[in-house]
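Residue-level structure breakdown
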Amino acid sequence: MDSTNPKIFAQDLPTPEPETPCRPRQPYRFSTLCATVENPSQKDQYGSSSVPIYQTATFKGVSGQYDYTRSGNPTRSHLEHHLAKISSAAHAFAVSSGMAALDTILRMLKPGDEVIAGDDLYGGTNRILAYLRTHGGVTVHHVDTTKPDTVLPYINTEKTAMVLLESPTNPLLKIVDLARIAADIKERAPNAIIVVDNTMMSPYLQRPLEHGADIVYDSATKYLSGHHDLMAGVITCNRDDLAKQMGFIINAAGNALTPFDCFLLLRGSKTLAIRMDRQQATSMLVAQMLDRLGFKVHYPGLAGHPNRDVHERIADGYGAVLSFTTGDKALSERIVGATRLWGISVSFGCVNSLISMPCVMSHASIDPATRAARGLPEDLIRLCVGIEDPADLLDDLERALLEAGAITLTAGGDSHQRYVRTIPSEGTAISRAVQKLAFNESAGYTTECNENREWFVSAPGKVILFGEHAVVHGITAVAASVDLRCYGVTTPRHDGKVSVHFIDIDSFRQEWEVDDLPWDAVTPVRMGDFHPDALDHKLVDAITTRALSPEVLAKPSARQACIAFLYMYMIMAHGGSRPSFNFSARATLPVGAGLGSSASFSVCAATALLLLYSRIQLPAQPAPTTDGHVHVSHEGRRAIPPALAEEVNRWAFVSEKILHGNPSGVDNSVAVFGGALSYTRSGFGRKSGMIPIHGFKSLKFLLTDSRVPRNTKQLVAGVAALKEQEPEFVNGLLNAIQYISDEAQRALADPQLSRQTLLSALSALIDENHGYLVKLGVSHPSLEAIRSKTASPPYALSTKLTGAGGGGCAVTLVPDDLSESSLRELMTVLSNDGFIPYLTSVGGSGLGILSPYNQPRPLATPPETPHKGEASTGDVELLCDTFAGKTTADLSAWADSLGRWLFV
């Protein structure tokens, strides 16, 4: 036998004397230690094979070992000896719950102490730490403990009193290097107490005291008991001084475990090893099935799990808890509700399998904003695997996924049926694989074909009618598309280069050798997967430092656009495909004026790249009109299916994160879906998502560009800082804006409301909303000057800022009875004052793609992208040549003349 096996301990459980000096016995292994409850100092007088229950409050006599069960009880002594034995500990304490264990430990803190804790902890742990921070004078630093170096800046030699760790974390299964952090803490703050919550692993799979922890606690309700028939907590340690302090607290507070619960916990712990072996073996099968279907799965046993090597160094197994995301909260709720064997419940560690959604159950006590900041997805499903037959569990989960619409049955290339993941969407989910197969079968398009043609795409700008800035804080915004658009053209190069031409940014051009890009920094998003909630900052940094020249870095607008474009280009790459092409973009929108020009650019860039990589496929041509079938032309409206639009919207939002840091999501949603919609950001307790405003009546607006540049990030950060300084004042303004948005939605969607009443109501709401934005400090003298001009006689119009404010655009509602001459006069007045007015209507089509079918112009497949002044090869006129040369006034009409456009 290998005596170095980490599961072999030299415990005080007596082993038999050797039968012969030549064959000594080895120390008992963990399973044997679990099953054998033996305390040499407490032999039962009757030799009972099961520890008796001393169900008594008091003990007779004077100066005996026990006098009062709150202070000590023989059943509890047996249990605590047994727990210390299997935990590599000198001391163990059994208390009434896992949270009682943590409370006992935290009572050793005093006002002024500092605690370093992870940012992905159990919800109850966050709750008690928040209470200590508010009422106990204790400073708590939540940091990403999966990166040991992030802990170092928070270590204070004098003040850091405790470090609270958990690995794997609950529920994202993040791995923390307990040994390294313990060593770093001991070196820099020797007096700090290192505490580890080991509930997810149990002593069978991980013993943190062996890796430098001072105190370890478990919720024994979970794996140690294993049957969910009691509440209990366990604390173990090796230091006598800590044991003395905690023993005093337990006796004084009276939270020790009752004799009957001690008996139940002793009985449950005997089967810990055999239960865990079955549970984690099944967990691996469940994780592999979900991973194979294409879900993002969090489980240390999977090869790609972050820090898996660290986990394998400090633990003896992968555990029996895993989690996964679906990309849609409603879909996750349907999956959870569709299971039968998997019980819907909080907690874990039971012989029965459980399923839950942490954000609405175990972690609901963490406010939505904090959950979002810590990267806890609202659609996350946690699975806690029991000891049922693995085949039954897999079958039940598979049936739930199928019933919820998360997967679908399809025929593979080998004619065998198999399950594939579907795209989360409203209504019936559509399988990516089926959609792709159907398109390829009808149109015969391939990735190579997509690369060898020019693609022409467009997306509208937007005007936020109500809810600017407030939308970032969870307030509903009402927005609509405008008939000013951004356009993008891709042209094949075939020379191993990729290039961009941003015509509106001083005709900026840049090209890169495809193979010279920092591909080593890329973690690709696989076909069928969604981009994670957080950006890949490693890739962003690599692009910034290795792909952009100092000249590009010196141009902020061009720099960010290049990073967004290259980020999507590289992270979408799959199957060795790295297209060589040029992407040109320009707009009839004023750039940087608060009309969503960056979002419409993001939509165009994302759509072009998705098409080139065949991540989206256009639907086949509709059947022509025949004697038996009439094809109704809708001029391309609703030709792009919702599932395709949703995929574009997700990637456009990724681009917006690069461009703006913390976008609301409303701009890209309007640019994709067009029309008018209300949008509420997730993570703030309100029903989130995007709701189209049906029956939206066409409205006329005057958009006036102040020509004053503004810093969106700075303005958003300013409101956030004001909210932190004066939360009551700002929250009052945000709630008032919510009421405005609610009233506006009702008015815009009410088909019975007269046109005159609607315009009058909107006018009043515009004035009220602007007043609140002024109080938030996001207006600008130029915007107030525009507002003053439009409100003066004879116009008397209502105007408000739109977008981030601080410059940019103002939006003015134009009533039906304003004469054409008065409107032209007002536009002249504004122009004379140095502003640029645009007359526009709102609520038009969203994303547009020039149809590849039956167009009057031939397919362009040039050898490389011609530069300005160079002649095109062959007889084919390239779109990009004419595109760059058209005036802004002529661009839209020229684009419309090229053929049939497909719109969302």
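About the thresholds
- Residues numbered from 1 in each chain as written.
- Predicted model: local features only at pLDDT ≥ 70, side-chain atom pairs only at ≥ 80, totals over all residues.
- Heavy atoms only, no water.
- Helix = DSSP H or I, 4+ residues; strand = E, 2+ residues; numbered from the N terminus.
- Buried < 20%, exposed > 50% of the residue type's maximum accessible area, 1.4 Å probe, protein only.
- Contact = heavy atoms within 4.5 Å.
- Pairing = 2+ DSSP bridges.
- Axes fitted to C-alpha atoms, helices over the stretch in contact; angles between N-to-C directions.
- Polar contact = N/O pair within 3.5 Å; in protein donor to acceptor, adjacent residues only side chain to side chain.
- Phe/Tyr/Trp six-rings, centres within 6.5 Å; stacked < 30°, edge-to-face > 60°.
- Lys NZ or Arg CZ within 6 Å of the ring centre and 35° of its normal.
- Parallel < 35°, antiparallel > 145°, perpendicular 65-115°, else oblique.
- Nonpolar A, V, L, I, M, F, W, Y, C, P; charged D, E, K, R; others polar.
- Core = buried A, V, L, I, M, F, W, Y, C linked by side-chain atoms within 4.5 Å.
- Salt bridge = Lys/Arg side-chain N within 4 Å of Asp/Glu carboxyl O.
- Expected span 1.5 Å × (residues − 1).
- pLDDT = per-residue confidence, 0-100.

**A short note on the overall build of the protein**
Across its full length, the protein holds 28 helices and 28 strands. The 904 residues of the protein split such that 55% are buried. Relative to all contacts within the protein whose residues are 6 or more apart in sequence, the contacts with residues 24 or more apart total 73%.

**A look at the sheet that holds strand β11 (residues 354-356)**
In spatial order, the strands read β8-β9-β12-β11-β10; together these five strands make up an open sheet with mixed pairing. Of all strands in the sheet, those with a lone pairing partner are β8 (296-298) and β10 (343-344), marking the two edges. Alignment of β10 against β11, held across two bridges, turns out to be parallel. Paired with glycine 343 across the strands is leucine 354, a residue of β11. Helix α9 (residues 272-293) contacts β8, β9 (321-325) and β12 (381-384) of the sheet and is inclined by roughly 10 degrees relative to β9. Of the strands in this sheet, β10, β11 and β12 are in contact with helix α11 (residues 329-338), which crosses β12 at around 25 degrees.

**Notes on the side chain of glutamine 738**
Looking at the element boundaries, glutamine 738 is found in helix α23 (residues 727-749). Looking at glutamine 738, the relative accessible area reads 7%, which means it is buried. In this structure the side chain of glutamine 738 is engaged in a polar contact, spanning 2.9 Å, whose partner is the side chain of aspartate 742.

**So, the packing of aromatic side chains**
Within the structure shown, the criterion is met by 20 aromatic pairs. Note on phenylalanine 502 and phenylalanine 508: the rings are 6.0 Å apart at their centroids and 15 degrees apart in plane angle, and the pair reads as stacked. Each member of the pair, phenylalanine 502 as well as phenylalanine 508, is classed as buried. Consider the rings of tryptophan 901 and phenylalanine 903, whose centres lie 6.3 Å apart with planes at 20 degrees: the pair is stacked. Just as tryptophan 901 is buried, phenylalanine 903 falls in that class too. Through successive ring pairs, a cluster of aromatic residues spans Phe502, Phe508, Trp519, Phe565, Tyr569, Phe581, Phe583, Phe601 and Tyr613. Above the face of the tryptophan 455 ring, arginine 453 is positioned so that its terminal group lies 4.7 Å from the ring centre. Above the face of the tryptophan 519 ring, arginine 578 is positioned so that its terminal group lies 3.9 Å from the ring centre.

**Points about the packing of helix α22 (residues 712-725) against α23**
The N-to-C vectors of α22 and α23 enclose an angle of 125 degrees; their axes lie 5 Å apart at closest approach. One element, α22, and the other, α23, form an angle in the oblique class. Along its contact with α22, which presents Leu722, Lys723, Glu724 and Gln725, the element α23 presents Pro727, Phe729, Val730, Asn731 and Leu734. Split into classes, the residues belonging to the contact of α22 with α23 amount to five nonpolar, two polar and two charged.

**Here we look at the nonpolar core**
Counting 125 residues, the largest nonpolar core has Tyr569 and Phe583 as its most contacted members. With twelve residues, helix α18 (residues 556-571) is the single largest residue contributor to this core. Apart from the residues lying within four places of it in its own chain, the contact partners of phenylalanine 583 are Gly488, Val489, Thr490, Ser499, Val500, His501, Phe502, Phe565, Phe601, Cys604, Ala605 and Ala608.

**Here's the deal with the pattern of salt bridges**
Within the structure shown, the criterion is met by 30 salt bridges. Residue arginine 399 pairs with aspartate 395 through a salt bridge whose shortest N-O separation is 2.8 Å. Of this pair, arginine 399 and aspartate 395 are both found in helix α13 (residues 390-404), four residues apart, which corresponds to roughly one turn of the helix. The salt bridge partner of arginine 824 is glutamate 820, with a shortest N-O separation of 3.1 Å. Note that arginine 824 and glutamate 820 are positioned in helix α26 (residues 820-832) at a spacing of four residues, about one turn of the helix. Classification of arginine 824 as partly exposed rests on a relative accessible area of 43%. Taken together, the shared-partner salt bridges in this structure form one network comprising Asp149, Arg180, Asp184, Glu187 and Arg188.

**Quick word on the environment of proline 358**
Looking at the secondary structure, you find proline 358 in the loop between β11 and α12 (368-373). For proline 358, a relative accessible area of 0% puts it in the buried group. Separated by 186 residues in sequence, proline 358 and leucine 172 have C-alpha atoms that sit 10.0 Å apart.

**Focus on the environment of serine 347**
Looking at where serine 347 falls in the secondary structure, it is placed in the loop between β10 and β11. If we ignore the near neighbours within four places in the chain, the residues touching serine 347 are Lys222, His228, Leu354, Arg382 and Cys384. Side chain to side chain, serine 347 and histidine 228 meet in a polar contact 3.5 Å long.

**A short note on helix α24 (residues 755-775)**
Between its terminal C-alpha atoms α24 stretches 31 Å, which fits the 30 Å expected from 21 residues at 1.5 Å a residue. Turning to α24, the residues buried within the fold contact β16 (455-466), β23 (699-705), α23, α25 (781-791), β24 (799-802) and β25 (809-814). Positive backbone phi, at 80 degrees, marks glycine 777, one or two positions downstream of α24.

**A look at the confidence of the model for the protein**
Summarising the model, the protein shows a mean pLDDT of 85, and 86% of its residues fall at 70 or more. Low pLDDT (under 50) marks residues 411-415, which in the prediction has five contacts with non-local residues, meaning those over four places away or in another chain. Every residue in residues 858-875 is under pLDDT 50, and counting partners more than four places away or in other chains gives 39 contacts.

**Concerning helix α4 (residues 123-135)**
The terminal C-alpha atoms of α4, which comprises 13 residues, lie 18 Å apart, in line with the 18 Å expected from a rise of 1.5 Å per residue. Residues of α4 that are buried: Gly123, Gly124, Thr125, Asn126, Ile128, Leu129 and Leu132. Against α3 (98-106), β2 (114-118), β3 (139-143), β4 (160-166) and β6 (215-219) lie the buried residues of α4. Of the residues flanking the end of α4, it is glycine 137, one or two places downstream, whose phi is positive at about 70 degrees.

**Thoughts on the sheet that holds β4**
Ordered in space as β1-β7-β6-β5-β4-β2-β3, the seven strands form an open sheet in which the pairing is mixed. Every other strand in the sheet has two partners, leaving β1 (91-95) and β3 as the edge strands with one partner each. Averaged over all pairs of adjacent strands, the angle between their axes in this sheet comes to 20 degrees, without regard to strand direction. Where helix α5 (residues 178-188) meets the sheet, its contacts fall on β4 and β5 (193-197), and the angle it forms with β5 comes to roughly 160 degrees.

**Quick look at the pairing of β23**
In terms of burial, β23 is a largely internal element, six of the seven residues being buried. For β23 and β25, the ladder comprises six bridges, and the chain directions are antiparallel. Within β25, the position partnered with threonine 704 by the bridge is alanine 810.

**What about the side chain of serine 499?**
Inspection of the secondary structure puts serine 499 in strand β18 (residues 497-502). Among the polar contacts listed, one links the side chain of serine 499 to the side chain of arginine 493, at a separation of 2.9 Å. Polar side-chain contacts of serine 499 include one of 2.8 Å to the side chain of asparagine 582. In this structure serine 499 touches Arg493, Gln510, Glu511, Trp512, Phe581, Asn582 and Phe583, once residues within four positions along its chain are discounted.

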